[in-house]
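Listed here are the chains, written in short residue letters.
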Amino acid sequence: MTFWRDAGLTYIHYSNIAAHVVRQALRAELRASAAKRDISHVQFTPWENGRPVPRKKKVRGDSSS
């Protein structure tokens, strides 16, 4: 078993912490370009019966959901 799992972290959480620490340790001139790589976008797709389930599009101003 790995130490990050013993600490109660997922691998994703552990790697995000490690990446943040490395970026903060960079010299100032390199830190700005590394900060651009800190931004990420994650999209989750639910699956049922081996196929992705389409998401319902939300309409602005619709507070029913």
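Residues numbered from 1 in each chain as written. Predicted model: local features only at pLDDT ≥ 70, side-chain atom pairs only at ≥ 80, totals over all residues. Heavy atoms only, no water.

(A) Layout of the packing of aromatic side chains. Enumeration over the complete set of coordinates arrives at 2 aromatic pairs. Where Tyr11 meets Tyr14, the ring centres are 6.1 Å apart and the plane angle is 50°; that geometry is what we call tilted. Here Tyr14 and Tyr11 lie together in helix 2 (residues 11-25), a separation of 3 residues that amounts to about one turn. Classification of Tyr11 by relative accessible area gives partly exposed; the value is 48%. Three or more aromatic residues joined by ring pairs form one cluster here, namely Phe3, Tyr11 and Tyr14. (Phe/Tyr/Trp six-rings, centres within 6.5 Å; stacked < 30°, edge-to-face > 60°. Helix = DSSP H or I, 4+ residues; strand = E, 2+ residues; numbered from the N terminus. Buried < 20%, exposed > 50% of the residue type's maximum accessible area, 1.4 Å probe, protein only.)

(B) Structural view of the environment of Arg31. Its place among the elements puts Arg31 in helix 3 (residues 28-36). With residues near it in sequence (within four places) discarded, Arg31 still touches Arg23, Gln24 and Leu26. (Contact = heavy atoms within 4.5 Å.)

(C) Seen up close, unusual backbone geometry. Positive phi values are uncommon outside glycine, yet Asn49 reaches one of about 55°. If you trace the backbone, Asn49 turns up in the loop between strand 1 (47-48) and strand 2 (51-52).

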